[in-house]
Amino acid sequence: MLTVRRLYVYLVAGASLAMLVTGLVQVGAATLELLLGSGVQATYRQTVATFGAAVLVGLPLWLLHWSYAQRLAAREPAERAATLRRLYVYVVLGSLLISIGIFAETLVADVLLLALGTDLEPGSSMGTRLARTAWELAVVAAFWVYTFRIAAADRRAVGETNGSATLRRWYAYGTQFVALLFVLTSTAGLLDTILMNLLDAAQVVRAAPAVATGVAQTIVGLTIWLFHRRWTAIGGIADEDRRTTLRAVHGFLIVAIAVAVTLASIGQILHWLLARLLGVPVPGSSTGGDALTALVGPLASAIVFGAAWALIRLSLARDAAGTEAVRQAGVRRLYSHLVALVALATLAVGAAGLLWTLVDQLVGLGTPLSPNDVRDQISLSVTLVLVGLPIWLLHWRPAPALGERLALSRRLYVFAALLGSVLATLGSGVYLASQLLNLALAVGGDRQAVEIGHALSVLLVALAIAAYHTQVLRRDNAQRAAEESQTVEAVPAPALTATPAATPIVVEIVGASEAEVRAALSTLPPDVRWAVRL
């Protein structure tokens, strides 16, 4: 019954709040336009009639249901700590934050354009636009601050456990994840624009709209990210979250994306350089022939995402440093295996692409590829191999120490590599079999030999990766079995006793010293026999 009541109260409160905020934003913006002389009387009346109704209906509904929820929370601590209440709070915070980001980006970009002396589209008024955007931002930000204070008050009053804490972490780290990706993308684009203008025309103001938009996106995204990062890095929140899975997953997702973009960007640069060395006039199908157009964008992405890679790696190391040695080692292993998996995928694509191109030239019949196209494809595939192979060798350890060989992250890496290679083997094998059947049945065209070669190219690379990681898995399993057999010790049965011998129990304890283990075992009954094997 309580759950149904909460569901009703918070659903109505959320819907009426959305209606109220939308109405206030639109009515206020239309009023400002009219007062500043940019609005039309008929349009203003229509706006007030439509969105004024939203305010008149939404305001009393929200006040009625939210005040009721607040009274219940004041009387009953269980109500204040309810998961549905926290769900309402963090959904409202996330929704309002999206609007804050949009309005703040528009406002900052317009201010920068005004500072650069750039006009907006013809017929528009900068003052009216700034006033309208400032009003929209102020309304949304006021409700966000109010809701954030409600969440903080609830947390101080009754704390956060289980579902409540999980919802707060989803909001906090989901926001950080999206905001940081937004910052990295906008910063890379901004750096690309600035470098292009500096190198091409020695001026940045010529691209004022693009620069203003990039700076605004970077500033707004960075502000949101830094605020939430600081919020989760101080006080009790940091102590609670440092050991949580969601915080670590957020960091490792950013690392995976940063690694992938960095490797891809470096690959683009090396591909262009290698293709030009091989005599290709215009490497790649989407880049220009000049070095400026082809290299500045990837260079900007490599710089920005490479810096993020290093930053998040340090952040993960700092989080692990405040925990026990076992967790520190686990974070390091997970990072290494994650990077190794991304590098392995890059290496596999490059190797398969290289075989694919060679097949086209060796057995291709009438394949429409010019010499420049062939050199371009070869340079791209070789670049992927040159980028992926050293990164994989740097992070992958084929014969590590026992603790790392038995680590969960290593098994996840091995099974992920096996899964990808087996799926590629399955797909290419089926396609190869179909082409062979077509050949046997005299069905198919002139490119049948090429298609068979393509399937073989993918199949060979997938089989090589699967075979190697199968051997790794076998060695790891053999080492695991040997380690488990060493921990089993025989306990002799007491001599001349009428009672049956007790079954030995083997307990593995991690994270305690020998003295602590012996002190704990000394409390067992005196007739219990035990031994400690290190």
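This is a predicted model, so every value here is computed, not measured.

As for the overall build of the protein chain
Piece 1. Check the secondary structure of the protein chain and you find 16 helices and 0 strands.
Piece 2. Out of the 534 residues belonging to the protein chain, those deemed buried represent 38%.
Piece 3. A fraction of 78% describes how many contacts in the protein chain between residues 6 or more apart in sequence connect residues 24 or more apart.
Piece 4. For the protein chain, the accessible area works out to roughly 28,400 Å², and carbon and sulfur atoms hold 68% of it.

Notes on the pattern of salt bridges
Piece 1. In this structure the tally under the stated criterion is 8 salt bridges.
Piece 2. A salt bridge links R5 to E79, with the nearest nitrogen and oxygen atoms 2.9 Å apart. Here the residue R5 occupies a position in helix α1 (residues 2-35), and E79 occupies one in helix α3 (residues 77-80), the gap between them amounting to 74 residues.
Piece 3. R5 gets classed as partly exposed once you look at its relative accessible area, which sits at 23%.

A look at the nonpolar core
Piece 1. In terms of nonpolar packing, the biggest core is built from 79 residues, with W62, Y88, F143, W144 and V255 touching the most fellow members.
Piece 2. With 12 residues, helix α4 (residues 83-115) is the largest single contributor of residues to this core.
Piece 3. F143 has contacts with L17, L20, V21, L24, W62 and L96, leaving out every residue within four places of it along the chain.

Digging into a nonpolar patch on the surface
Piece 1. The grouping of L355, L358, L362, V363, L456 and L460 at the surface amounts to a nonpolar patch, some 530 Å² of accessible area in total.
Piece 2. Mapped by element, the contributors of at least two residues to the nonpolar patch are α11 (325-363) and α15 (448-487).
Piece 3. It is α11 that contributes the most residues to the nonpolar patch, 4 residues altogether.
Piece 4. Among the structural elements, L456 can be located in helix α15.
Piece 5. L456 sits in the partly exposed class, given a relative accessible area of 36%.

Observations concerning the packing of aromatic side chains
Piece 1. Here the structure, examined in full by the defined rule, presents 14 aromatic pairs.
Piece 2. Ring geometry for W62 and F143: centres 6.0 Å apart, planes at 70 degrees, overall edge-to-face. Of this pair, W62 sits in helix α2 (residues 41-75) while F143 sits in helix α5 (residues 126-158); the two residues are 81 residues apart in sequence, bridging distant segments of the chain.
Piece 3. F143 sits in the buried class, given a relative accessible area of 16%.
Piece 4. Plain terms: the ring middles of W144 and F227 are 5.8 Å apart, the flat faces sit at 65 degrees to each other, and that makes the pair edge-to-face. Separated by 83 residues along the polypeptide, W144 in helix α5 and F227 in helix α7 (residues 208-231) bring together distant segments of the chain.
Piece 5. Using a relative accessible area of 10% as the deciding quantity, one classes W144 as buried.

What about helix α9 (residues 245-277)?
Quick reminder: α-helices carry 3.6 residues per turn. Residues three or four places apart thus point the same way.
Piece 1. Relative to the 48 Å expected for 33 residues at 1.5 Å per residue, α9 spans 47 Å between its end C-alpha atoms, a close match to the ideal helical length.
Piece 2. Positive phi appears at G279, one or two residues downstream of α9, with a value of about 95 degrees.

Description of the environment of S428
Piece 1. Along the polypeptide, S428 turns up in helix α14 (residues 408-440).
Piece 2. With a relative accessible area of 7%, S428 lands in the buried category.
Piece 3. The contacts of S428, once residues within four sequence positions are left out, are A455, V458 and L459.
Piece 4. Of the polar contacts made by the side chain of S428, one reaches the backbone oxygen of A424; its length is 2.7 Å.

Brief notes about the packing of α4 against α5
Piece 1. Between α4 and α5, whose axes approach to 8 Å, the crossing angle comes to 150 degrees. When the axis of α4 is compared with that of α5, the two are roughly antiparallel. As for the relative orientation of α4 and α5, their crossing is left-handed in sense.
Piece 2. Split into classes, the residues belonging to the contact of α4 with α5 amount to 25 nonpolar, 4 polar and 7 charged.

A few points about the side chain of S301
Piece 1. Following the sequence through the fold, S301 ends up in helix α10 (residues 291-321).
Piece 2. Residue S301 is classed as buried on the basis of its relative accessible area of 18%.
Piece 3. Each residue touching S301, except ones within four places of it in the same chain, is listed here: A188, V261, S265 and G306.

Description of the side chain of S381
Piece 1. Mapped onto the elements, S381 comes out in helix α12 (residues 371-395).
Piece 2. Separated by 3.2 Å, the side chain of S381 and the backbone nitrogen of L354 make a polar contact.
Piece 3. With near-sequence residues (within four places) excluded, S381 lies in contact with G350, G353, L354 and T357.

Cut-off values and rules
Residues numbered from 1 in each chain as written. Predicted model: local features only at pLDDT ≥ 70, side-chain atom pairs only at ≥ 80, totals over all residues. Heavy atoms only, no water. Helix = DSSP H or I, 4+ residues; strand = E, 2+ residues; numbered from the N terminus. Buried < 20%, exposed > 50% of the residue type's maximum accessible area, 1.4 Å probe, protein only. Contact = heavy atoms within 4.5 Å. Areas by Shrake-Rupley, 256 points an atom, 1.4 Å probe, with all protein chains shown as cover. Salt bridge = Lys/Arg side-chain N within 4 Å of Asp/Glu carboxyl O. Core = buried A, V, L, I, M, F, W, Y, C linked by side-chain atoms within 4.5 Å. Patch = residues over 30% accessible without salt bridge, like charges linked within 9 Å, V, L, I, M, F, W, Y side chains within 5 Å. Phe/Tyr/Trp six-rings, centres within 6.5 Å; stacked < 30°, edge-to-face > 60°. Expected span 1.5 Å × (residues − 1). Polar contact = N/O pair within 3.5 Å; in protein donor to acceptor, adjacent residues only side chain to side chain. Axes fitted to C-alpha atoms, helices over the stretch in contact; angles between N-to-C directions. Parallel < 35°, antiparallel > 145°, perpendicular 65-115°, else oblique. Left-handed = near helix turned anticlockwise from the far one by under 90°. Nonpolar A, V, L, I, M, F, W, Y, C, P; charged D, E, K, R; others polar.

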